[in-house]
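For reference, the chains in residue letters:
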Amino acid sequence: MSSNELTNSPASLGFCMPAEWEPHEAVWLGWPHNGSDWPGKIAAIHFVYGEIVRRIAESETARIIVNDAKHEAKARGILNKIGVSPEMVEFFQIPSNRGWTRDFGPIFVKNETETAIAGFKFNAWAKYDDHELDSEIAKKLAKKLKKQYFPIKHDGKPFVLEGGAIDVNGKGDLLTTEECLLDQEVQVRNPGLSKIEIEQVLAESLGATNVLWLNKGIAGDDTHGHIDDLCRFVDAKTVVLCRESNPKDANYALLEENRERLEGFRLQNRSKINIEFLPMPEPLHYRGQRLPASYANFLITNSSVLVPTFNDANDRIALNRLAELFPKRKVIGIHAVDLVWGLGTLHCLSQQQPA
């Protein structure tokens, strides 16, 4: 970052990204409309979304991005059938390409007096061409919400980051993967930027002064290494890491390597990380492609933890483990076999707005 960018950065004004378990004002979702994300499944997906919104609305506002009035009416109709309280839902008519709100939606930062939006560039995971609408949404929402908007840049160039690439504990520690943020060959976010330069941007934009670099994301991950299918903070000093029990599975070795890295890491306060484990479901495939089915893609709301489930024997084990780790929240399974056809589930679809 240039000195001018540093002076006006969120961190220099006391902003940082809070942990997901801290109180929310709302959770954001983009109502699905792009059938190519869920081939042959889009009708079923609307009702899964309805169930997600119903659970969010038990303790906070669900803010839903829709393309237009017709799209909103369709969403309202489904939510009414499911019995969602209309006063707990707010709609924002802003056209989008897709519905992966974690990645293109606003990333909120907070100081002692206000919340603001850290404005990262979205380039559709350096993989798809149709992202011109999605890449404008965070900025447009900042205007609608009357929030301060910080365009995040390095040396004058917009910095690319998706919300699913990072996980924070609100104490200065941030989890990410080298496969996602450092890649210079396959899905390149920020060409030519070094690890030190990326760490500098994360510190200045999100208040993340201790970046913990895992290696690779799970097999089948379309994003090339997002952390939220792999490893998540569950409190300031504890993470859950996915672990594969079958040595022949594609995920086994990479998850073991990530475990070894975590065991050697230190938090900002120099303490070791408490590591808990989530099982992996049996591999799921669609048209010959491995799908990124993972229990780590859970969403924390004010009252609950919504966990993707896969009609799998390990569903119960994962739900019980997370119930132990979140004793003050209801842990609720959400059927995600259809959702994961879109190469993401609950966390990928949502973005929290801190209170």
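Here goes a summary of the coordinates provided. Along every chain, residues carry numbers that run from 1 in the direction the sequence is written. Two thresholds apply to this predicted model, a pLDDT of at least 70 for residue-level local features and 80 or more for giving and counting side-chain atom pairs, whereas whole-chain, interface and lining totals are computed over all residues. By convention in this description, side-chain values take in all heavy atoms of the structure and omit both hydrogens and water.

Regarding the packing of aromatic side chains
The geometry of two aromatic rings is summed up by the distance between their centres and the angle between their planes.
Then, number 1: Here a pair means two rings of Phe, Tyr or Trp (six-membered ring of Trp) with centres within 6.5 Å. Their orientation is stacked below 30 degrees between planes, edge-to-face above 60, and tilted elsewhere. Here the structure, examined in full by the defined rule, presents twelve aromatic pairs.
Then, number 2: Ring geometry for Trp38 against Trp100: centres 5.4 Å apart, planes inclined by 40°, an arrangement best described as tilted. Of this pair, Trp38 sits in the loop between strand 1 (24-30) and helix 2 (42-56) while Trp100 sits in the loop between strand 3 (89-93) and helix 4 (101-104), placing them 62 residues apart in sequence. There is no split in this pair, since Trp38 and Trp100 are both buried.
Then, number 3: Taken together, Trp31, Trp38, Tyr49 and Trp100 form an aromatic cluster joined through their ring pairs.
Then, number 4: Consider the ring centre and the ring normal. A charge sits over the ring if Lys NZ or Arg CZ is within 6 Å of that centre and within 35 degrees of that normal. Taking the ring centre of Tyr128 as reference, the NZ or CZ of Arg98 above it sits at 4.4 Å.
Then, number 5: Over the ring of Phe277 we find Arg243; its NZ or CZ atom is 4.4 Å from the centre of that ring. Secondary structure follows DSSP: runs of H or I at least 4 residues long count as helices, runs of E at least 2 residues long count as strands, and numbering of each begins at the N terminus. Exposure classes here rest on a 1.4 Å probe applied to the protein chains alone. A residue is buried below 20% of its type maximum, exposed above 50%, and partly exposed in between.

Concerning the pattern of salt bridges
Then, number 1: In what follows, salt bridge is the name for a side-chain nitrogen of Lys or Arg lying within 4 Å of a carboxyl oxygen of Asp or Glu. Within the structure shown, the criterion is met by 23 salt bridges.
Then, number 2: Where Arg55 meets Glu58, a salt bridge forms, and the shortest distance between an N and an O atom there is 3.0 Å.
Then, number 3: For Arg55, a relative accessible area of 17% puts it in the buried group.
Then, number 4: Overall, Glu58 belongs to the partly exposed group, its relative accessible area being 37%.

Some words on the sheet that holds strand 4 (residues 107-110)
Hydrogen bonds between backbone atoms are what pair the strands of a sheet, whose relative direction is either parallel or antiparallel.
Then, number 1: Pairs of strands are assigned from DSSP output, requiring at least two bridges between the strands. Here we have three strands laid out as an open sheet, ordered 4-5-6, and mixed in their pairing. Looking along the sheet, the strands with just one partner apiece sit at the ends: strand 4 and strand 6 (149-151). Within this sheet the neighbouring strands show an average axis-to-axis angle of 35°, counted without direction.
Then, number 2: Sheet topology note: the strand 4/strand 5 (residues 115-119) ladder contains four bridges and is antiparallel. Bridge pairing in strand 5 places Val109 opposite Ala116.
Then, number 3: Whether two residues are in contact is decided by their heavy atoms, any of which lying within 4.5 Å being enough. Geometry is summarised by axes, namely lines fitted to C-alpha atoms with helices restricted to the contacting stretch, and by angles between N-to-C directions that run from 0 to 180 degrees. Relative to strand 6, helix 6 (residues 137-145) is tilted by about 155°, and along the sheet it contacts strand 4, strand 5 and strand 6.

Details of helix 6
Then, number 1: Buried within helix 6 we find Ile137, Ala138, Leu141, Ala142 and Leu145. Seen end-on, helix 6 carries its buried residues on one side only, within an arc spanning 140°.
Then, number 2: Within two residues after helix 6, Lys146 carries a phi angle of roughly 55°, on the positive side. The arc under discussion is defined with respect to the helix axis, by the directions toward the C-beta atoms.

Some points on the state of the cysteines
Then, number 1: Cysteine sulfur atoms are paired as a disulfide whenever they come within 2.5 Å of each other. Tallying each qualifying case throughout the model produces zero disulfides.
Then, number 2: Free cysteine: Cys242, not disulfide-bonded; nearest cysteine sulfur from Cys231 at 8.1 Å.
Then, number 3: Note on Cys348: no disulfide assigned, nearest cysteine sulfur contributed by Cys180 at a separation of 12 Å.

Concerning helix 3 (residues 69-82)
Then, number 1: How far a helix is expected to stretch is found by multiplying one less than its residue total by 1.5 Å. Compared with an ideal rise of 1.5 Å per residue, which puts 14 residues at 20 Å, helix 3 spans 20 Å between its outermost C-alpha atoms and is within 8% of the ideal.
Then, number 2: When we look at burial in helix 3, the residues that qualify are His71, Glu72, Ala75, Ile78 and Leu79. Angular distribution of buried residues about the axis of helix 3 spans 130°; they occupy a single face of the element. When the buried face of helix 3 is taken as reference, the exposed residues oriented beyond 90 degrees from it are Lys70, Asn80 and Lys81.
Then, number 3: Considering only its buried residues, helix 3 is in contact with helix 2, strand 2 (61-66) and strand 3.
Then, number 4: Polar contact criterion, stated in full: a pair of N or O atoms within 3.5 Å, where within protein one must be able to donate a hydrogen and the other to accept it, and residues adjacent in sequence count only if both atoms are side-chain atoms. Where helix 3 starts, the residue carrying a side-chain oxygen 3.3 Å from the main-chain nitrogen of Lys70 turns out to be Asp68.

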